[in-house]
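Here is how the chains run, residue by residue.
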Number of protein chains: 2
Amino acid sequence: MLISQLGEFGLIERFKKVIPLDKTVIKGPGDDCAVIAYNKDSYLLMTCDMIIEGVDFTPRDDPYLIGRKALAVCVSDIAACGGLPHYALVSMGLKATAQAGYVDKLLAGMLSIAKKFRINIVGGDLSRASCLTIDVSMTGAVEKKNLVLRSGARNNDTICVTGKLGGSLYGKHLSFTPRLKESRLLVQNYKPSAMIDISDGLVQDLGHLLKASGKGAVLYEDCIPVSSQARSLKQALAMGEDFELLFTLSGQKSKQLLRRHKGFFPIGTIVDQAQGVSLVDARGRRKSLTQTGFRHF
Amino acid sequence: MLISQLGEFGLIERFKKVIPLDKTVIKGPGDDCAVIAYNKDSYLLMTCDMIIEGVDFTPRDDPYLIGRKALAVCVSDIAACGGLPHYALVSMGLKATAQAGYVDKLLAGMLSIAKKFRINIVGGDLSRASCLTIDVSMTGAVEKKNLVLRSGARNNDTICVTGKLGGSLYGKHLSFTPRLKESRLLVQNYKPSAMIDISDGLVQDLGHLLKASGKGAVLYEDCIPVSSQARSLKQALAMGEDFELLFTLSGQKSKQLLRRHKGFFPIGTIVDQAQGVSLVDARGRRKSLTQTGFRHF
């Protein structure tokens, strides 16, 4: 069987079944970060993201922005768990024909994110490669009381996002700012019950959150904040690479949040798993949403 | 300027100059692992290694052994700092045409190392790629008193290795056992002053250790343990991918070690930096050793 038949998430499920974990692992594969026992008050968070020329960026993209994205996607994962990033390792596969100036720009982009979010780039690995490949692994920490996983959504929770969706592939995917500040505001003040970052598209990543929580959802078409770069509602629902946070919280907390802060958008409600995922339009008509979004295989 | 003109180590030096690190970073880029403040008794160790089809293995190699190697090279880095590995993240770039059975074998190879050394594979990332690329990042810990860096070698220390050298590229590079047991024996009983794993060839990696320590070395040709796979002394000196540990310790400690344990080989002595690196043959003739070994660029 080809891995393309099994699918990216089929492959991940296959791995999860056979990997043994000891009791220091609070949460293994299957959330935005791995969560590890650390000290009395905090957990260690670990995540990694590989970006590859031709998949995540093109040879014509600005190397500063490519380097920036390589670190930013990991910061987004740590934000999705409610934590703060601390240390990064950077593995780079470079073409032997690469110019030193090009590599300097990659590094400058990485450093811009490292400085903004106070991350130490503590090491890495360099290799020859046929196309530019950057894999960043990042560790961080989260106070135990502030940890948010995908699995905590409850019936009647409000579903929110931290920004407008869709059209990211036309540019924003290379220049987005990870929603770390927003995440910390949320976990310190509004107790989100579940959170994930939107990398594969709203519907698909909502699907991951709902599966982990054992829930369903109703989304309101009129409430979906469509980015000015998006060319359709469909792009806001399924295009991917938004790197906004998708989270759930109680109706009461969501009212407080939306009253006090701009930049958060309520888009739906958590319901029983049996009700699946549906989208309600302005005239109250409900249609089922099949999961669409980016998959590697 | 092409990165091939700057060279792999020129590129690394370039990075080290501009990367800001806070005071929780005990040792940043430039050793086998990064060393981070952790708790009263221990440091956190972090390392990563990227292996790529066509550079570190071929499409004809057994995927079980490729997966095995991907984790083993990181264990070797942690061993070189005297620590124990705990958690790993695995990023994989897979060809869309890969068979699920092939990927299962990669994973089985990884799990064989994970089980042997009690490592939790806590997460990862999957991506499409034009050639198989695996980047593993690993964290571990080392008791503060047992930490060994490249930088501690002293005049008159004996230089030793944990096994025979050369010819690894004919097979052993895919099936080697990282010298974790040997490392722990050393740090718990024989206080090595400096240590590094041999990935780029004895002379080149000795050069890294000497540069970090500000020292020179005399090697004795007759003492270099040449592997039965090696086709010449030169291969033992420069072929790379041996994944043996190269370490230094006091003359007294080395005598105790060599009297009590098999599998360790004394190969030379640490001298002043001004004396450079030389090789003395059976007739006492001394020749200077230029640094040769594998470089990616």
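Analysis parameters
- Residues numbered from 1 in each chain as written.
- Chains lettered and ligands numbered in written order.
- Predicted model: local features only at pLDDT ≥ 70, side-chain atom pairs only at ≥ 80, totals over all residues.
- Heavy atoms only, no water.
- Helix = DSSP H or I, 4+ residues; strand = E, 2+ residues; numbered from the N terminus.
- Buried < 20%, exposed > 50% of the residue type's maximum accessible area, 1.4 Å probe, protein only.
- Lys, Arg positive; Asp, Glu negative; His and termini not counted.
- Salt bridge = Lys/Arg side-chain N within 4 Å of Asp/Glu carboxyl O.
- Contact = heavy atoms within 4.5 Å.
- Least-squares fit on C-alpha atoms with pLDDT ≥ 70 in both.
- Buried area = accessible area lost by both parts, 1.4 Å probe.
- Nonpolar A, V, L, I, M, F, W, Y, C, P; charged D, E, K, R; others polar.
- Pairing = 2+ DSSP bridges.

Caption draft 1: Representation of the side chain of D242 of chain A in the model. Residue and element names in this part refer to chain A. Tracing the backbone shows D242 in the loop between helix 8 (233-238) and strand 10 (245-249). In this structure, D242 is buried with no salt-bridge partner, the nearest side chain bearing the opposite charge being K172 at 4.9 Å. Dropping the residues within four chain positions of it, D242 is found in contact with L165, G166, S168, K172 and I198.

Caption draft 2: Summary view of the relation of the copies chain B and chain A. Of the transformation placing chain B onto chain A, the axial shift is 0.0 Å and the rotation is 180°, giving an RMSD of 0.0 Å. Between the two chains, the operation in question is that of a two-fold axis. Interface residue correspondence from chain B to chain A reaches 100%, placing this contact among same-surface, isologous pairings.

Caption draft 3: Fine view of the interface of chain B and chain A. Taken together, the contact between chain B and chain A spans 67 residues of the former and 67 residues of the latter. Interface area, chain B with chain A, both sides summed: about 5800 Å², of which 65% is carbon and sulfur. Interface area lost by chain B to chain A is led by M50, L126 and R128 of chain B, which between them contribute 12%. Where chain B packs against chain A, one counts two salt bridges. With a shortest N-O distance of 2.4 Å, R14 of chain A and D104 of chain B are connected by a salt bridge. The set of elements that each furnish at least two residues to the side of chain B that touches chain A consists of helix 1 (3-6), helix 2 (8-18), strand 2 (34-37), strand 3 (42-52), strand 4 (84-94), helix 4 (100-116), strand 5 (120-128) and strand 6 (133-143) of chain B. Sorting elements by how many residues they give to the side of chain B that touches chain A places strand 5 of chain B first, with nine residues. The residue makeup of the side of chain B that touches chain A, split by class, is 39 nonpolar, 17 polar and 11 charged.

Caption draft 4: A look at the pairing of strand 9 (residues 215-220) of chain A. Residues and elements named next belong to chain A. Two strands pair when backbone bridges link them, and strand 9 and strand 11 (residues 265-272) are joined in this way by five bridges, in the antiparallel orientation. Each residue of the ladder has a partner; that of A217, found in strand 11, is I270. Summarising the sheet, strand 9 and strand 12 (residues 277-280) pair through four bridges and their orientation is parallel. Each bridged residue has a counterpart across the sheet, and for L219 the counterpart in strand 12 is L279.

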